[in-house]
Amino acid sequence: MARWRVVGGQEKGLIVRSSAEVSSQQLGRLNYGAEVEELQLLGERLEFQKVSGDGVERGWVSLRLKGKELLTPCGWQHLRGCSIGPFHAHEEKVTTVAFDPVTPLQLWTASWSSASVRHWQLARHQQPQLVNQLKTHGLVSALQRLDQDTLLTAISANPMPAGNVCHQADFKQRMAELDDKLEPGQQLVLWRLDPRPEMWKQLPFHPHGCRLLAVGPGNELVASASKERLVLSHRSGPGAPLEVLWSVHLEQKLTALCFTETGSLWSCNGQHVTCWEEGRTKSSVEIQVDNVSALVALQDELLIAHETGFLFLDVGTGQIRQQYTKDVVSAAARLGQSFVAALGAHVVRYDVVRGLGPSPAKASGMWTLPQKVVSLHCLGAVGAPPLVAAGAADGTVVVFDAT
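A brief report on the enclosed structure follows.

Cut-offs and rules
- Think of each chain on its own: its residues are numbered from 1, step by step along the sequence as written.
- Per-residue local features are limited, in this predicted model, to residues with pLDDT of at least 70; the limit for side-chain atom pairs, both in listing and counting, is 80 or more; totals at the level of whole chains, interfaces and linings are taken over all residues.
- Processing note: side-chain calculations cover all non-hydrogen atoms of the structure and skip hydrogens and water entirely.
- Runs of H or I in DSSP of at least four residues are treated as helices and runs of E of at least two as strands, each being numbered from the N terminus.
- All radius of gyration figures rest on C-alpha atoms, and the globule criterion is 2.2 Å times the number of residues raised to 0.38.
- A 1.4 Å probe rolled over the protein chains alone gives each residue an accessible area, and that area as a share of the maximum for its type sets the label: buried under 20%, exposed over 50%, partly exposed in between.
- Contacts were defined at the residue level, with two residues in contact if any of their heavy atoms lie within 4.5 Å.
- Counted as positive: Lys and Arg. Counted as negative: Asp and Glu, with His and the chain ends omitted from the count.
- Just so you know, the charge point we use is NZ for Lys, CZ for Arg, CG for Asp and CD for Glu.
- Detection works on a 1 Å grid of protein atoms alone, calling trapped sets that fit a 1.4 Å probe cavities and calling open sets with protein on both sides within 12 Å along at least five of seven lines pockets, with lining residues defined by an atom within 4 Å of a point.
- Grid points are joined across faces, edges and corners, and a volume is the space filled by probe spheres set on the points.
- Charged means Asp, Glu, Lys or Arg here, nonpolar means Ala, Val, Leu, Ile, Met, Phe, Trp, Tyr, Cys or Pro, and polar covers whatever is left, Gly included.
- Here, a strand pair is defined by DSSP locating no fewer than two bridges between the strands.
- Between N-to-C directions, angles cover 0 to 180 degrees, with each direction set by a line fitted to C-alpha atoms, over the stretch in contact for helices.
- Only Phe, Tyr and Trp rings are paired, with Trp represented by its six-membered ring, and only when their centres lie within 6.5 Å; those with planes under 30 degrees apart are stacked, over 60 edge-to-face, the remainder tilted.
- By definition here, charges over rings are those cases where NZ of Lys or CZ of Arg is within 6 Å of the ring centre and within 35 degrees of the ring normal.

1. Some remarks on the overall build of the protein chain
From N to C terminus, the protein chain includes 1 helix and 37 strands. In summary, the protein chain has a C-alpha radius of gyration of 23 Å against a globular reference of 22 Å for 403 residues, a match within 12%. Dimensions along the principal axes, computed over C-alpha positions, put the protein chain at roughly 75 × 50 × 45 Å. Every one of the 403 residues in the protein chain was classed for burial, and the buried ones make up 51%. Across the protein chain, contacts joining residues at least 24 apart in sequence account for 46% of those joining residues at least 6 apart. Side chains of the protein chain give 37 positive and 39 negative charges; the mean places of these two sets differ by 5 Å.

Encoded structure:
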C-alpha cells in the first residue's frame, strides 16, 4: 500500500477522526514527521495505519486544509498524478532511460552520442537534479542497475572521432558499430556505485560491441548480445560479478532480447522469435518484420514492436496476431497488464484484448511530446503509480503518471 508522510501541523499535529466524516469523533492527533500506510482514500480523506512517528495509531485525516498540503506521498507515490519535464538530460538522443529499481525517485539515462550515463534525482514539481555522471569507454546502448551497489552498462562502439560532420544520430550509430574497435572487456562493464561511481570490472564476454541487455527475474541472470554472439551469465548474489553460463555464435544479429516472468530467455532477429535453453534453441517461430524495436514479455504473449506495428505471439500455442500502426514504433515497454509504445512524438498506452478480434490491442491513452520518442521505460514497483519515462531524439526526457 501507499505510504504518506505528515508535512503539516508542525506545532500541534493533525486532527485524527474515527471516520471519513469531518464531524466524526476526534481520536487525537498525528504528529509532524510521522509516516502512515494508506488503508483507504476517499477524495481528500485518508484512512491510515501509523508506521512510524508519534500520534494516533489508526484513523482518518485530511490531506489538505485550505489548499495547504498536510501529507505528502512517500517513495514513488510522491509522483502520483504529476509530470516532470521535458528536461535536457543529454546533448543528443537519449538511448536508454530507466527508473532505478533499488532507490525510489531516481532515474538513469544514457546517450549513445556522448558516451555518458547520468543519474537523476526526481522530485514533484521540480526539475530533476543531476546526482552523478559516468563517462564510459564508448557508446552506451543499454544499462541495468543490478543491486544497491552495482550498475551494468553495455557499450556498442567507440565514440565518433572529433570533428565528425554527420549530424544524424542514427546514421552515426550504424557507422560506428560497423567498425567498433573496442578492446576486450570494454563491451560490458560493471560499476561500483558506493561511495561514488567507479569502474569495477570489465567483462570480456564479447569480441565486438554489446548492443542488447536483458535481466531475468531477481536480477540473477543477464543476457547480452553483440552482432555475432549471445551470452547468458549469472551472479551468485548481490555484489558478485557475472560469470558465463553459456555462449552461442549467431548467424544473424539479434534486434531484441527479453526474459519472461518464468525466467525463459527469448530473442528476435526480425525473421525468427526464439526461446533459448542451455545455449540451444528450445523453440522458434518464423516471422517476417523489419526494424524490430522491442521484444516485450506480456502476461501470456510476447509483443514484437516493429516498423509497421505489433506482433503478438502466444508462447504456448505459437499463434500470431498482427496489428498495424500509422507511425513507426520506435520503442515499447510493459506497464502492468498493458503496455506503452512510442509512435513518432506520441506515447500511446494500449490494453491487450484477449481472444479473437480485429485488434489485439486497444489504445487507452496518448501523450504527445515536443520531439520524437526513442526510448521508454515503465515502473512496475508494487504500490507505485504507473510511471512512464520517455527519452527523446533531442536529448530531453519526460516522466509522467500514465493513470
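Following the structure, the description resumes.
2. A look at the layout of surface pockets
For the second largest pocket, the calculated volume is near 350 Å³. Along its surface, the second largest pocket is lined by 14 residues, and Gly13, Leu14, Ile15, Leu65 and Leu70 are the ones closest to its centre. Sort the elements by how many residues they give to the lining of the second largest pocket and strand E2 (residues 14–17) lands first, with 3 residues. The class makeup of the residues in the lining of the second largest pocket is 5 nonpolar, 4 polar and 5 charged.

3. Brief notes about the sheet that holds strand E33 (residues 346–352)
Strand pairing in a sheet relies on backbone hydrogen bonds. The paired strands run either parallel or antiparallel. Spatially, 4 strands are ordered E31-E32-E33-E34 in an open sheet, and the strand pairing comes out antiparallel. Both outer strands of the open sheet, strand E31 (329–335) and strand E34 (361–368), are each paired with one neighbouring strand and no more. Between one strand and the next, the sheet's axes are offset by a mean angle of 25°, whatever the strand orientation. In terms of strand pairing, strand E32 (residues 338–343) meets E33 through 6 bridges, oriented antiparallel. Paired with serine 338 across the strands is aspartate 351, a residue of E33.

4. A few points about the sheet that holds strand E27 (residues 294–297)
Taken in spatial order, the 4 strands of this open sheet run E27-E28-E29-E30, and their pairing is antiparallel. Both outer strands of the open sheet, E27 and strand E30 (320–324), are each paired with one neighbouring strand and no more. Across the sheet, the axes of successive neighbouring strands diverge by a mean angle of 20°, strand direction being ignored. By the bridge criterion, 4 bridges tie E27 to strand E28 (residues 301–306) in an arrangement that is antiparallel. Among the inter-strand pairings, leucine 295 is bridged to a residue of E28, identified as isoleucine 304.

5. A short note on the packing of aromatic side chains
For the structure shown, the criterion picks out 9 aromatic pairs. Aromatic side chains phenylalanine 87 and tryptophan 120 sit 5.2 Å apart centroid to centroid with 65° between the ring planes, which places their arrangement in the edge-to-face category. Residue phenylalanine 87 is located in strand E10 (residues 83–88), and its partner tryptophan 120 is located in strand E13 (residues 116–121); the two are separated by 33 residues in the primary sequence. The burial state of phenylalanine 87 is the same as that of tryptophan 120; both residues are buried. Cluster of aromatic residues (ring-pair linked, three or more members): Phe310, Phe312, Phe339 and Tyr350. Positioned over the ring face of phenylalanine 312 is arginine 321, at 5.6 Å from the centre of the ring.

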